[in-house]
2 protein chains.
Amino acid sequence: MGKLRVHNFAVSLDGFGTGEGQAADAPFGHAGERIHDWMFATRYWHEMGGGRRGSVGADNAFATMHGSGIGAEIMGAGKFGPPGWQDDPDYKGAWGPNPPFHTPVFVLTHRPRPSIEMKGGTTFHFLDAAPAEALKIALEAAGGQDVRLGGGPSVIRDFVAEGLVDQMHVVQVPILLGRGVRLWDGLESLEEAYHIEAVSTPSGVTHLTFTAKSR
Amino acid sequence: MGKLRVHNFAVSLDGFGTGEGQAADAPFGHAGERIHDWMFATRYWHEMGGGRRGSVGADNAFATMHGSGIGAEIMGAGKFGPPGWQDDPDYKGAWGPNPPFHTPVFVLTHRPRPSIEMKGGTTFHFLDAAPAEALKIALEAAGGQDVRLGGGPSVIRDFVAEGLVDQMHVVQVPILLGRGVRLWDGLESLEEAYHIEAVSTPSGVTHLTFTAKSR
């Protein structure tokens, strides 16, 4: 059976996974892109755009795990688009005609709509489902491969709290956002369920990896 | 002029510097001593008790900075003793007859009392003063050496928010406390005022050092 994995999920030192004031031109609110600068510097990121530049050290190794062995993604409505996207029947996500997923993507929303097939192998499906049910559907679609849990922070929290996440990679960036949506709320004693490693890298970030003890 | 420094201040991954429910037999509340296990393993810690055991790697190097060049400490009332200590006129702090400070220590409290001279060079003074005023008094007492800001979390926050802290060493421990007193609240964009380094060590903790850009 495939696993449920979180990759490249960035938080500030004070634990915010997204800032305040999300909008079409500010998908991470006042956080801007600062929590992803470490990733933009990697070869992984440049190659997604067809380039050959970028660092090939530890940040790149962690970042590259994002796509390895993944057959489907689950994401929250807040990752798919800015507040209010449900009111636009023609909205097709924040990534243009060829989204970087190349698998089925299950968008959790209380207002589901028909599936949308995009270029490059990405198909968006819309589910009004609880975490365990959504995971079951995504695992079937992944055909034996793993499922990525794409965020945002409150969606990751929900799945972790229900014990559904097998592996989680969180990148802690040395800035203080001060406000937004916290990743860690309500997860007291998470260390009892996961082996946790911390690895800081020369870019200044710290990669935290969580591996479920039971699986 | 001496500097104001924070050392060995431990927080959980979710940013709590102390847990909920502080009491005489639980100075860190439900956190217990888990956020200090990394320090108890060091040579620095064992030598304070007269022993010679303990690790001498990176954790020990960071821990040892605690006493280097320090001429006084400032601490909050919540570090000096459990809730209600102000009602006991004979209370002399949580460390026994020979406290591990060996300098003047300024305890911030709205209910000051006469100074207490302890064994080993520690004298407790009690101040009802704002951060800048307390720092001025402590710097004079330090006689040209630096002043350590001993915590707890809300006291550190107050001094940082007023721009009084020159150096800060925070040790992030890979557990989630879920509740207690947060260190990072109200410090948005702290990275603009400090150079920040992150160094993870084999014990599993990550040492975060903040160096003020302006000083």
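Residues numbered from 1 in each chain as written. Chains lettered and ligands numbered in written order. Predicted model: local features only at pLDDT ≥ 70, side-chain atom pairs only at ≥ 80, totals over all residues. Heavy atoms only, no water.

- In the annotation of an unreviewed UniProt entry, chain A is listed under the name Dihydrofolate reductase and assigned to Nonomuraea deserti.

### Some words on the sheet that holds strand β6 (residues 123-127) of chain A
All names here are of chain A.
Point 1. One open sheet holds the nine strands; their spatial order is β5-β6-β4-β3-β7-β1-β8-β11-β10, and the pairing between them is mixed. On the outer flanks of this sheet lie β5 (116-117) and β10 (194-200), each paired with one strand and no other.
Point 2. With two bridges connecting them, β5 and β6 associate as antiparallel partners. Bridged to E117 within β6 is T123.
Point 3. Against the sheet, helix α5 (residues 131-142) makes contact with β1 (4-12), β3 (70-76), β4 (104-108), β6 and β7 (146-149), and its axis sits at roughly 150° relative to β3, the strand it touches most. (Pairing = 2+ DSSP bridges. Helix = DSSP H or I, 4+ residues; strand = E, 2+ residues; numbered from the N terminus. Contact = heavy atoms within 4.5 Å. Axes fitted to C-alpha atoms, helices over the stretch in contact; angles between N-to-C directions.)

### Here's the deal with the interface of chain B and chain A
Interface size is often expressed as the accessible area that is lost when the parts come together.
Point 1. Taken together, the contacts link 27 residues of chain B with 27 residues of chain A.
Point 2. Between chain B and chain A, roughly 2100 Å² of surface is buried when both sides are summed, and carbon and sulfur atoms account for 51% of that area.
Point 3. For the chain B face of the interface with chain A, the top three residues by lost area are B:L13, B:L176 and B:E188, together amounting to 29%.
Point 4. In this assembly, chain B and chain A are joined by six salt bridges.
Point 5. A salt bridge links A:E191 to B:R34, with the shortest nitrogen-to-oxygen separation between them at 3.3 Å. (Buried area = accessible area lost by both parts, 1.4 Å probe. Salt bridge = Lys/Arg side-chain N within 4 Å of Asp/Glu carboxyl O.)

### Remarks on the pairing of strand β6 (residues 123-127) of chain B
Each regular strand displays side chains that alternate between the two surfaces of the sheet.
Residues and elements named next belong to chain B.
Point 1. Taking burial as the measure, the five residues of β6 include four buried ones, the bulk of the element.
Point 2. In this structure, strand β4 (residues 104-108) lies alongside β6, joined through five bridges in parallel fashion. Across the sheet, P104 pairs through a bridge with T123, a residue of β6.
Point 3. Remark: five residues form the turn of the hairpin made by strand β5 (residues 116-117) and β6, two consecutive strands paired antiparallel; G120 in that turn has positive phi of roughly 80°. (Buried < 20%, exposed > 50% of the residue type's maximum accessible area, 1.4 Å probe, protein only.)

### Details of the pattern of salt bridges
Here the idea is simple: oppositely charged side chains can pair when their charged atoms come close.
Point 1. The full count for this structure, using the stated rule, is 20 salt bridges over all chains.
Point 2. A salt bridge links A:D146 to A:R5, with the shortest nitrogen-to-oxygen separation between them at 2.9 Å. Linking A:D146 in strand β7 with A:R5 in strand β1, this pair joins segments that are 141 residues apart in sequence. Accessibility classification places A:D146 together with A:R5 in one group, the buried group.
Point 3. With a closest N to O distance of 2.7 Å, B:E188 and A:R179 form a salt bridge. Of this pair, B:E188 sits in the loop between β9 (181-182) and β10 (194-200) while A:R179 sits in the loop between β8 (167-173) and β9 (181-182), on two different chains.

### Thoughts on the environment of B:R43
Residue and element names in this part refer to chain B.
Point 1. Within the secondary structure, R43 is located in helix α2 (residues 43-48).
Point 2. For R43, a relative accessible area of 22% gives the class partly exposed.
Point 3. Note: C-alpha distance between R43 and H207 (164 residues apart in sequence) is 17 Å.
Point 4. With residues near it in sequence (within four places) discarded, R43 still touches R52, R53, G54, S55, V56 and N60.
Point 5. There is a polar contact of 2.9 Å between the side chain of R43 and the backbone oxygen of R52. (Polar contact = N/O pair within 3.5 Å; in protein donor to acceptor, adjacent residues only side chain to side chain.)

### Structural notes on the environment of B:A94
Residue and element names in this part refer to chain B.
Point 1. As for its position among the elements, A94 is in the loop between α4 (77-80) and β4.
Point 2. We classify A94 as exposed; its relative accessible area is 53%.
Point 3. A sequence separation of 13 residues divides A94 from G81, and the C-alpha atoms of the two residues are 5.6 Å apart.

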